[in-house]
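# Survey of secondary and tertiary structure
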Amino acid sequence: MSAVKALDLKKYQGMASAFQAIAQRRRDQGAEPSETLYYQTLADYHRQVLQAREEGRGLVGITVMVPPEICWAMDIVPLQLENALMSLTVLERCYEEVFSTAKGFGLSPEVCSAHRTIAAVFLLGWAPPVQGVIWSPQVCDNTAKCGDLYLKTYRIPGFFLDRPYRHTEREVHYLAREMGEMVAFLERATGKRLDLDRLREALDYSAQMVALQQEIYELRKAVPHPASNRTICQLLPVTLTMAGTPQAVEFCRVLRDQLRQRVREHRGTAREESYRLVSLFTPPNHKWKLLDWLEKEKGASLVADPYQSHWGPWEPDFSDPLLSLAQKCFAIPVCREMHGPAEEGVIADAVEDALSHRADGAIFWAHIGCRQACATIRAVKEALAQKAGIPTLVLDCDIMDPSFVSEEEMKERLESFLEVLEER
Amino acid sequence: MAETSVATLKALEEMREINAAFPYTAPIKAWKERGKKVLAWTCTYVPEELIWAAGMLPVRMTGDSHELELEDANAYLYINTCSFQRSCLQLALGNQWDFLDGYVSAATCDGSRRLADVWGNYLSIPLVYVLTVPRKTTERAHQLYISEVRDMKQKIEERYEVQITDQALKEAITLYEHTRSLLRELYEMKKRDKPPVTGAETMEIVNAAFRMPRDEYNQLLERLLKELKDSRRQVSGKIRLMINGSPLNNPEFIKTIEDLGGLVVIDELCMGTRYWWDPVDTKTYPDPLEAVARRYLNNFPCARMVPCDDRFDKVLALAKEYRVEGVVSEIIRYCVPYAHDQPLLRERLEKIDIPVLELDVEYGVTGSGQIRTRAQAFVEMLEEKKLKA
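To keep things clear, this report deals only with the structure shown in the data block. For clarity, every value in this text was computed on a predicted model and none was experimentally measured.

## Comments concerning the side chain of Glu295 of chain A
Take Glu295 of chain A: it is sitting in helix H14 (residues 288–298). Not counting residues within four places of it along the chain, the set of residues in contact with Glu295 of chain A comprises Ala227, Ser228, Asn229, Thr269, Ala270, Arg271 and Ala300 of chain A.

## Brief notes about the interface of chain A and chain B
Often, the extent of an interface is quoted as the loss of accessible area upon association of its parts. Contact with chain A, which involves 57 residues of that partner, is made by 48 residues of chain B. Connecting chain A to chain B are 10 salt bridges. Residue Glu110 of chain A pairs with Arg333 of chain B through a salt bridge whose shortest N-O separation is 2.8 Å. Where chain A touches chain B, the interface holds 29 residue pairs in polar contact (both at pLDDT 80 or more).

## Considerations on the environment of Gly361 of chain A
All names here are of chain A. Along the chain, Gly361 falls in strand E7 (residues 361–367). Relative accessible area serves as the criterion here: at 0%, Gly361 is assigned to the buried category. Once residues lying within four places of it in the same chain are set aside, the contact partners of Gly361 are Arg276, Leu277, Val278, Ile390, Pro391, Phe417 and Leu421.

## Section: the pattern of salt bridges
Residue and element names in this part refer to chain B. Scanning the entire structure with this criterion turns up 67 salt bridges over all chains. With a closest N to O distance of 3.4 Å, Asp287 and Arg150 form a salt bridge. Taken together, the residues span a long stretch of sequence, with Asp287 in the loop between helix H12 (273–276) and helix H13 (288–298) and Arg150 in helix H7 (residues 139–160) at a distance of 137 residues. Here Arg150 falls in the partly exposed class, since its relative accessible area comes to 40%. Here Glu321 and Lys191 are joined by a salt bridge, their closest N and O atoms 2.8 Å apart. Residue Glu321 is found in helix H14 (residues 308–321), and its partner Lys191 is found in the loop between helix H8 (166–189) and helix H9 (199–209); the two are separated by 130 residues along the sequence. Residue Glu321 is classed as partly exposed on the basis of its relative accessible area of 36%.

## Overview of a negative patch on the surface
Residues and elements named next belong to chain A. A cluster of like negative charges, contributed by Asp396, Glu408, Glu409 and Glu412, occupies part of the molecular surface. Examining the composition of the negative patch, we find that 3 residues originate from one element, helix H21 (residues 407–423), more than from any other. Mapped onto the secondary structure, Glu412 falls in helix H21.

## Here we look at the layout of surface pockets
Residues and elements named next belong to chain A. By volume, the largest pocket amounts to about 1,100 Å³. Together, 48 residues line the largest pocket, and Ser87, Val90, Asn285, His286 and Trp288 are the ones closest to its centre. The element contributing the most residues to the lining of the largest pocket is helix H4 (residues 81–91), with 6 residues. Split by residue class, the lining of the largest pocket holds 28 nonpolar, 12 polar and 8 charged.

## Quick look at the sheet that holds strand E8 (residues 262–268) of chain B
Residue and element names in this part refer to chain B. Taken together, the 4 strands give an open sheet; going across it, the order is E8-E7-E9-E10, and neighbouring strands pair in parallel fashion. Each edge of the open sheet is held by one strand with a lone partner, namely E8 and strand E10 (356–361). Sheet twist, expressed as the average angle between the axes of neighbouring strands with direction ignored, equals 25°. As judged from the 6 bridges shared by strand E7 (residues 239–245) and E8, these two strands associate in the parallel manner. Within E8, the residue paired with Ile243 across the bridge is Asp267.

## Some details on helix H5 (residues 95–105) of chain A
Every buried residue belonging to H5 of chain A is among Tyr95, Val98, Phe99, Thr101, Ala102 and Phe105 of chain A, and all of these are buried. Around the axis of H5 of chain A, the buried residues are gathered within 155° of arc, so they sit on the same side. In this structure, H5 of chain A carries Glu96, Lys103 and Gly104 of chain A as exposed residues pointing more than 90 degrees from its buried face. Tucked into the core, H5 of chain A has its buried residues touching H4, helix H6 (113–123) and helix H8 (147–154) of chain A together with helix H15 (336–351) of chain B.

## Let's talk about empty space enclosed by the protein
Under the definition given, this model contains 9 cavities of 30 Å³ or more. Around the largest cavity, the lining comprises 22 residues; the ones closest to its centre are Cys43, Gln85, Cys109, Pro247 and Cys302 of chain B. Elements with a minimum of two residues in the lining of the largest cavity: helix H5 (83–93) and H15 of chain B. A per-element tally of the lining of the largest cavity places H15 of chain B first, with 3 residues. Here the residues of the lining of the largest cavity sort into 13 nonpolar, 5 polar and 4 charged. Its boundaries defined by the atoms lining it, the second largest cavity holds a volume of some 90 Å³. For the lining of the second largest cavity, the secondary-structure elements that each account for two or more residues are helix H3 (68–73), helix H12 (235–242) and helix H16 (321–331) of chain A. At 3 residues, the largest contribution of residues to the lining of the second largest cavity is made by H16 of chain A.

## Focus: the packing of H9 of chain B against helix H11 (residues 251–259) of chain B
All names here are of chain B. The interhelical angle for the contact between H9 and H11, taken along N-to-C directions, is 165°, at an axis separation of 8 Å. Looking at the two axes, H9 sits roughly antiparallel to H11. In this structure, the crossing between H9 and H11 has a hand that is right-handed. The segment H9 lies against H11, with Gly199, Ala200, Met203, Glu204 and Asn207 engaging Pro251, Ile254, Lys255 and Glu258. Here the residues of the contact of H9 with H11 are counted per class, giving 4 nonpolar, 2 polar and 3 charged.

Reading the values: the criteria
Residues numbered from 1 in each chain as written. Chains lettered and ligands numbered in written order. Predicted model: local features only at pLDDT ≥ 70, side-chain atom pairs only at ≥ 80, totals over all residues. Heavy atoms only, no water. Helix = DSSP H or I, 4+ residues; strand = E, 2+ residues; numbered from the N terminus. Contact = heavy atoms within 4.5 Å. Salt bridge = Lys/Arg side-chain N within 4 Å of Asp/Glu carboxyl O. Polar contact = N/O pair within 3.5 Å; in protein donor to acceptor, adjacent residues only side chain to side chain. Buried < 20%, exposed > 50% of the residue type's maximum accessible area, 1.4 Å probe, protein only. Patch = residues over 30% accessible without salt bridge, like charges linked within 9 Å, V, L, I, M, F, W, Y side chains within 5 Å. Areas by Shrake-Rupley, 256 points an atom, 1.4 Å probe, with all protein chains shown as cover. Lys, Arg positive; Asp, Glu negative; His and termini not counted. Charge placed at Lys NZ, Arg CZ, Asp CG, Glu CD. 1 Å grid on protein atoms, 1.4 Å probe; cavity = no way out; pocket = protein on both sides within 12 Å on 5 of 7 lines; lining within 4 Å. Points joined across faces, edges and corners; volume = space filled by probe spheres on them. Nonpolar A, V, L, I, M, F, W, Y, C, P; charged D, E, K, R; others polar. Pairing = 2+ DSSP bridges. Axes fitted to C-alpha atoms, helices over the stretch in contact; angles between N-to-C directions. Arc of directions from axis to C-beta. Parallel < 35°, antiparallel > 145°, perpendicular 65-115°, else oblique. Left-handed = near helix turned anticlockwise from the far one by under 90°.

So, to be careful, I would describe these as geometric facts and stop short of saying anything about function.
Dropping the structure here:
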């Protein structure tokens with residue numbers, strides 16, 4: 001492909017250093033343990049990505065919800081593309097270069113900005129030299145369609161992990177067999193071999209992580225809400241990149257302990273908790289400070305977020321780790337909400353969370369690039385009004401592009417919504 | 001497009017008349033008046049033969065052939081759902097699909113499955129069924145899809161208390177295969193220097209297939225082909241074009257391009273070649289359900305399928321076979337599968353010296369304003385290129 005530039009890892013290295021610097025700053029400021037650990041975990045992870053090849057480990061790109069457990073078990077570092085390359089763009093503040101590169105290549109602005117970001121980072125040669133890419137329709141058409149470009153850009157092999165629509169036994173088995181083929185692909189692409197015992201070990205870590213996240217979900221029912229808005233957004237990146245590792249378990253354990261302590265002491269994170277909100281879909285990645293503002297200045301806590309924390313039932317079976325991982329793909333938040341019939345996924349989860357976490361209102365982060373999530377807005381909004389008795393603010397935004405809507409505009413709309421809640 | 005010898009085609013006029021009454025066309029009305037049921041299907045991955053074999057009339061769910069105001073649909077589906085899906089919903093909310101007895105959709109793209117969600121939630125209809133469709137064509141994917149099609153059959157049988165026998169399915173296959181062979185005959189004629197029909201007319205002919213009983217359509221198409229042969233009708237254009245991309249069934253859009261001097265000799269659309277291209281292979285697969293299922297998954301791929309090169313290879317082969325000089329790619333805004341493919345496909349087409357005009361459109365749009373201006377510039381550029389060659 002003619003558009004590809006030479007490999008240049010300065011931005012990626014810059015991001016890894018930025019995570020390290022934030023971790024140090026949090027440590028120096030005496031931040032909550034989970035907060036420091038989050039940034040340290042990501043700094044260590046990105047260092048692993050950068051050093052993988054030198055250390056004789058494998059390095060493979062994966063799109064959202066491709067199970068990283070398999071990679072970790074094979075001594076392959078999974079470069080979680082959405083997470084890593086969006087962080088790179090945010091921390092290195094290179095939005096303009098990224099979006100203009102995607103546009104120049106011909107990707108229309110209606111393609112999700114997260115996937116335009118990844119495409120651009122590959123075209124610019126900023127993505128680490130992965131030995132292959134595994135992509136999947138686990139979430140949406142964008143995740144299904146993004147992979148071909150990466151393969152052509154970096155001239156590497158790829159594997160498409162096909163996930164079916166419904167959660168039936170037959171479809172779970174199909175996905176499990178796809179994962180078997182994914183293992184064969186990884187073996188070919190990296191020369192690494194799968195040791196089943198190591199996969200069972202990774203599955204065990206994964207199960208521990210999920211159990212801890214389920215405890216965290218329960219702890220968040222407490223009044224006042226024991227977790228900060230920002231902390232809650234940190235669960236998903238760890239789940240996507242580190243599931244199957246002791247580091248993911250450790251992060252969740254530290255967070256769980258922190259919340260337990262707060263619940264015992266009846267301490268919240270907002271100075272005075274005035275509003276308990278359900279957060280639907282994902283707040284803009286470039287504007288987590290908005291979440292701090294909501295919490296610190298407005299007393300609004302995000303007490304539930306089905307897209308990030310509502311797990312379905314999952315019981316791993318160590319005699320069949322791949323089948324267990326396939327089952328996990330149907331239980332994991334995001335996939336539950338984005339795939340399958342809306343009635344069985346996001347609508348039911350949103351209502352359940354609103355009731356169980358005693359929410360006063362909901363914010364739907366209407367990311368303009370997400371057709372899957374936004375198409376459910378009306379149904380979710382109505383279900384929340386009718387079954388949980390709460391109003392929903394639909395806040396237009398873009399998950400990655402800060403130029404789509406200004407911070408001031410978002411704040412104004414949030415303030416008006418909180419006034420409505422106040423009147424209620 | 002310059003028409004050199006254009007006889008009026010009676011069969012085409014009849015098709016136009018049928019299309020004009022969309023969605024509740026005269027043949028559908030007549031079918032319903034006989035007390036029979038009508039099931040809509042939404043995507044070329046839903047096997048129509050099964051619905052026909054159940055004694056019901058399969059009709060294709062589309063929006064109207066012109067741009068609609070989508071205010072009602074926007075209230076249910078967010079504006080970032082593609083306007084094809086919103087147009088379908090708009091008609092439904094305006095009670096224009098009320099005659100349906102069921103709706104079989106497919107989990108082929110985000111828009112398609114979310115439209116089914118909304119339909120199921122807000123519109124009263126006896127059945128909304130979403131068929132799982134793998135994105136690969138491996139043997140494992142085929143096995144899954146065959147099972148899913150079996151489930152669809154069972155669902156229809158249970159819901160409508162009918163039996164879809166192997167015999168009925170075999171007959172349906174024969175009927176639909178006949179359509180495919182007739183359409184192939186028509187498209188073969190389009191390879192000529194001066195084909196007998198324009199691209200816009202071709203679209204009207206294919207549209208009619210979605211809106212009337214198949215046996216009646218085949219008879220009409222046979223008559224049309226005979227008329228074409230008898231009349232020695234010829235149309236010509238300055239430039240031979242292919243049109244491809246997102247769902248498009250608006251003949252006016254193509255007519256605009258043809259009025260500028262282009263002649264659309266081939267398409268790569270799910271309402272064109274991708275609808276009928278591949279046959280059912282009953283010799284290799286004697287079980288009729290398996291034969292049908294394999295045909296639908298193997299058919300000329302939509303951009304949803306992986307890897308993209310399978311589709312690109314076929315597009316390039318069509319371009320060569322029909323001696324295409326330029327490609328007009330129309331992508332509906334938020335039609336993500338095609339938007340992702342487009343830069344890669346354009347690169348492959350340009351490599352074989354076929355220029356591409358990319359148009360971001362809303363479903364149902366006519367070729368007015370900016371589209372017309374860009375199409376005109378494109379045709380002129382191609383003419384100049386041809387002169388220099």
